[in-house]
Amino acid sequence: MLLSCESLRKTFGPTVVLDDLSLEVAEHQVVALIGASGSGKSTLLRCVNLLTEVDDGVIRLDGEDITDPRVNPDLVRRRIGMVFQSYNLFPHMTVLRNITLAPDKVHGRAAAEIEEQALAWLDRVGLAGKAGSYPDRLSGGQQQRVAIVRALVNSPRLLLLDEVTSALDPELVGEVLTMIRGLKDDGMTMVLATHEMGFARQVADRVVFLDGGRVREAGPPEQVLGDPVEARTRQFLARIIEAGRL
Ligand SMILES: Nc1ncnc2c1ncn2[C@@H]1O[C@H](COP(=O)(O)OP(=O)(O)OP(=O)(O)O)[C@@H](O)[C@H]1O
Ligand SMILES: [Mg+2]
């Protein structure tokens, strides 16, 4: 398994946010995390990226226990790319600088090599002409694609995507989803939290329904989304359909 989460537990004060949660992700697999607001999707992704410390349980990346306190979090994050809902680009830096900044600071790789890779990615996602632009000259969808490119220049083993389309205008969602579908075709291993059930169905190999910090149901998209076994999953999907999001 490329990623394996074993019996994770996380509390914030009295709130149990991850409750004996286990999850395995094979190399090249795409796993979609779905579930109501507050079910623990973001917390799980943040724990995997070591932005939040688990109270209990073990997270393994390529078999290595990354929750071991002796592990250097920077070295782990170099193997994991993470993109958030709000793209968080620095407004005072060009697109190219936004992408190359982090790798160059954290990993000391040759600047020219990183820049070359950044430009190749921008070209691939149709943003070659924007390398010298500032973020405020880009649409939300373009900014989000830049943020994804930023997560890719380290050639991560694993990409974590947290609601990367939910801050976008509906007409801009498609271009970001197309980019993610392309990454899947490349064989990128991804865990993505999403409220877009249609997208989860299209791109995910497995859908994991979280409920109160636990995995309530998991399986192929057509099963979990099309013919769920658990009453809680059915309730959740009924609410999504009501909201017109399926
Ligand atoms: N830093 C924190 N301090 C206290 N409580 C937190 C913190 N981060 C998350 N929580 C709580 O943990 C629970 C799970 O939150 P989380 O953000 O993981 O949910 P989510 O599934 O990503 O929800 P959404 O769909 O709204 O993004 C919520 O009850 C939230 O209030
Ligand atoms: Mg969230």
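Quick note: structure is the one above.
This write-up is about the structure you can find in this document. All figures in this text were calculated on a predicted structure; none of them were measured in a lab.

Thresholds applied
- Residues numbered from 1 in each chain as written.
- Chains lettered and ligands numbered in written order.
- Predicted model: local features only at pLDDT ≥ 70, side-chain atom pairs only at ≥ 80, totals over all residues.
- Heavy atoms only, no water.
- Helix = DSSP H or I, 4+ residues; strand = E, 2+ residues; numbered from the N terminus.
- Rg over C-alpha atoms; globule rule 2.2 N^0.38 Å.
- Contact = heavy atoms within 4.5 Å.
- Areas by Shrake-Rupley, 256 points an atom, 1.4 Å probe, with all protein chains shown as cover.
- Near = heavy atom within 4 Å.
- Polar contact = N/O pair within 3.5 Å; in protein donor to acceptor, adjacent residues only side chain to side chain.
- Pairing = 2+ DSSP bridges.
- Axes fitted to C-alpha atoms, helices over the stretch in contact; angles between N-to-C directions.
- Phe/Tyr/Trp six-rings, centres within 6.5 Å; stacked < 30°, edge-to-face > 60°.
- Buried < 20%, exposed > 50% of the residue type's maximum accessible area, 1.4 Å probe, protein only.
- Parallel < 35°, antiparallel > 145°, perpendicular 65-115°, else oblique.
- Left-handed = near helix turned anticlockwise from the far one by under 90°.
- Nonpolar A, V, L, I, M, F, W, Y, C, P; charged D, E, K, R; others polar.

**A few points about the overall build of the protein chain**
(1) Moving on: Of the regular secondary structure elements, the protein chain holds 9 helices and 10 strands.
(2) Moving on: Whereas a compact globule of 246 residues would reach a radius of gyration of roughly 18 Å, the protein chain reaches 18 Å, a difference of no more than 12%.
(3) Moving on: C-alpha extents for the protein chain along the principal axes are approximately 50 × 45 × 35 Å.
(4) Moving on: For the protein chain, contacts bridging at least 24 residues in sequence account for 66% of all contacts bridging at least 6.
(5) Moving on: Split by element, the accessible area of the protein chain, about 11300 Å² in all, is 47% carbon and sulfur.

**Points about the site of ligand 1**
(1) Moving on: The environment of ligand 1 is made up of Phe 12, Val 17, Ala 36, Ser 37, Gly 38, Ser 39, Gly 40, Lys 41, Ser 42, Thr 43 and His 195.
(2) Moving on: In this structure, an oxygen atom belonging to ligand 1 sits 2.5 Å away from a side-chain N or O atom of Ser 37.
(3) Moving on: Between ligand 1 and the protein, one listed contact pairs an oxygen atom with a side-chain N or O atom of Thr 43 at 2.5 Å.
(4) Moving on: In isolation ligand 1 exposes 630 Å². Once the protein is present, 58% of that is buried.

**Some words on the sheet that holds strand β4 (residues 56-61)**
(1) Moving on: Across the sheet, 4 strands lie side by side as β2-β1-β4-β5; this open sheet has antiparallel pairing. On the outer flanks of this sheet lie β2 (15-25) and β5 (64-65), each paired with one strand and no other.
(2) Moving on: Here β4 pairs with β5 via 2 bridges, running antiparallel. Within β5, the position partnered with Arg 60 by the bridge is Asp 65.

**What about the sheet that holds strand β9 (residues 206-211)?**
(1) Moving on: One open sheet accounts for 6 strands, arranged β6-β7-β8-β3-β9-β10; its pairing is mixed. The outermost strands of the open sheet, each flanked by one partner alone, are β6 (80-83) and β10 (214-219). The sheet shows a mean angle of 20 degrees between the axes of neighbouring strands, direction not considered.
(2) Moving on: Direction of pairing for strand β3 (residues 30-34) relative to strand β8 (residues 189-193): parallel, over a ladder of 4 bridges. Opposite Val 31, over in β8, you have Val 191 as the bridge partner.
(3) Moving on: Where helix α9 (residues 231-242) meets the sheet, its contacts fall on β3, β9 and β10, and the angle it forms with β9 comes to roughly 95 degrees.

**Considering the packing of aromatic side chains**
(1) Moving on: Scanning the entire structure with this criterion turns up 1 aromatic pair.
(2) Moving on: Relative to Phe 236, the ring of Phe 209 has its centre 5.2 Å away and its plane inclined at 35 degrees; by these criteria the two rings are tilted. Of this pair, Phe 209 sits in strand β9 while Phe 236 is found in helix α9, placing the two residues 27 residues apart along the sequence. No difference in accessibility class separates Phe 209 from Phe 236, as the two residues are buried.

**Observations regarding the packing of helix α4 (residues 111-124) against helix α5 (residues 140-152)**
For any two helices packed against each other, the geometry is given by the interaxial angle and the distance between the axes.
(1) Moving on: For the pair α4 and α5, interaxial distance at closest approach is 10 Å and the crossing angle is 140 degrees. Classified by the angle their axes make, α4 and α5 are oblique. As for how α4 packs across α5, the hand of that crossing is right-handed. Packed against α4, whose contacting residues are Gln 117, Ala 118, Trp 121 and Leu 122, the element α5 presents Val 146, Val 149 and Leu 152 at the interface.
(2) Moving on: Its residues placed into classes, the contact of α4 with α5 shows 6 nonpolar, 1 polar and no charged.

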